[in-house]
Amino acid sequence: MPLALSGGVMYWYDLNGLFTVSRNSWRAQTGEVDLLFRHNEYSTPNVKFHSSSPWRIVDDCGGAFTMGAIGGGIFQAVKGFRNAPAGMSHRMRGSMTAIKTRAPQLGGSFAVWGGLFSMIDCGLVKVRGKEDPWNSITSGAMTGAILAARNGPVAMVGSAAMGGILLALIEGAGILLTRFASSQFPTGPQFAEEPAPAPMPAPSFGDYRQYQ
Amino acid sequence: MPVAVGPYGQTQPSCFDRVKMGFMMGFAVGMAAGAMFGTFSCLRIGMRGRELMGGVGKTMMQSGGTFGTFMAIGMGIRC
């Protein structure tokens, strides 16, 4: 069975072996295929569908907070351990204090970045009417610029360049990864760079309808 | 519950596989970003020649590790 319905959420794996989640509405159960696709943005940015859904902003914001808090916890644990005075109890306490003070801060700044980025990205998808890597790159640059707005125009330009370059690297890595992943499965049908929404899930929808 | 079989009869990559993939991707991105930004910042503080190479390499490894860890966590929390 290619996909499962549980609690209004469908999960399956697409050709590239990447996780695709779609929140199906009640309409999907009545056979009307009107699904909101979204995908894990850390996998393949060019296999996104209808990612202008406003809930994506909330999702990305929370995901970024969690990511920052956990990652900050790991790094600050090491840092607090190393910077504390000698003695195991001091080191443990230093590590704990560093986690408690710094990890939520880092999570918060990640959440601000992620939320603003996602908001601009969704806005660009809506305004431009298409989804390509330029959306992410532009929104990365704009996020960097907006968050540095209080430090003056020079800082804004620097921060925007940094955000744009970073997002371009991430997008490039995603594209390379997609190409690599799809070249690993030569038996399946191959898609071009930008798969149209219809062909890709078609086999699963074919199967899906049979189960209705 | 996620289902284990994809539409093409492909098996699901495990959570660990995805975390590993995220780490590798983050490491690659971080290395590239570290090469760029590290070169700028090392040149700005006046490193040249062999010292510059060492400084850039260190920045690349550091930012690769940081990015890789964060990307791995990002994949892990969406499992």
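Residues numbered from 1 in each chain as written. Chains lettered and ligands numbered in written order. Predicted model: local features only at pLDDT ≥ 70, side-chain atom pairs only at ≥ 80, totals over all residues. Heavy atoms only, no water.

**Looking at the nonpolar core**
Part 1 of the argument: Grouped together as the largest cluster of nonpolar side chains are 6 residues: Ile170(A), Ala173(A), Leu177(A), Met25(B), Val29(B) and Met71(B).
Part 2 of the argument: Contributions of two or more residues to this core are made by helix 5 (153-183) of chain A together with helix 1 (15-44) of chain B.
Part 3 of the argument: Per-element tally for this core: the top contributor is helix 5 of chain A, with 3 residues.
Part 4 of the argument: Once residues within four sequence positions are removed from consideration, Val29(B) is found in contact with Leu169(A), Ile170(A), Ala173(A) and Phe67(B). (Core = buried A, V, L, I, M, F, W, Y, C linked by side-chain atoms within 4.5 Å. Buried < 20%, exposed > 50% of the residue type's maximum accessible area, 1.4 Å probe, protein only. Helix = DSSP H or I, 4+ residues; strand = E, 2+ residues; numbered from the N terminus. Contact = heavy atoms within 4.5 Å.)

**Details of the packing of aromatic side chains**
Part 1 of the argument: Applying the stated criterion across every chain, the model contains 4 aromatic pairs over all chains.
Part 2 of the argument: Grouping aromatic residues by their ring pairs yields a cluster made of Phe75(A), Phe110(A) and Phe70(B).
Part 3 of the argument: Lying across the ring of Phe81(A), Arg91(A) places its NZ or CZ 5.7 Å from the centre. (Phe/Tyr/Trp six-rings, centres within 6.5 Å; stacked < 30°, edge-to-face > 60°. Lys NZ or Arg CZ within 6 Å of the ring centre and 35° of its normal.)

**Thoughts on the pattern of salt bridges**
Part 1 of the argument: What the rule picks out here adds up to 6 salt bridges over all chains.
Part 2 of the argument: Asp59(A) is paired through a salt bridge with Arg78(B); the nearest N and O atoms lie 4.0 Å apart. In this pair, Asp59(A) is assigned in helix 2 (residues 55-83) and Arg78(B) in the segment after helix 2 (49-76), connecting two distinct chains.
Part 3 of the argument: The class of Asp59(A) is partly exposed, set by a relative accessible area of 27%.
Part 4 of the argument: Notably, a salt bridge pairs Asp17(B) with Lys20(B), separated by 3.7 Å at the nearest N-O pair. Residue Asp17(B) and its partner Lys20(B) are both found in helix 1; the two are separated by 3 residues, about one turn of the helix. (Salt bridge = Lys/Arg side-chain N within 4 Å of Asp/Glu carboxyl O.)

**Describing the confidence of the model for chain A**
Residue and element names in this part refer to chain A.
Part 1 of the argument: When pLDDT is averaged along chain A, the result is 73; 62% of the residues meet or exceed 70.
Part 2 of the argument: Per-residue pLDDT, averaged within each element of chain A, yields its smallest value for helix 1 (residues 26-29) (33) and its largest for helix 4 (residues 133-147) (94).
Part 3 of the argument: In the predicted structure, residues 1-50 sits below a pLDDT of 50 and forms 160 contacts with residues beyond four places in sequence or in another chain.
Part 4 of the argument: For the stretch residues 201-212, pLDDT sits under 50, and the model shows 22 contacts to residues farther than four places along the chain or on other chains. (pLDDT = per-residue confidence, 0-100.)

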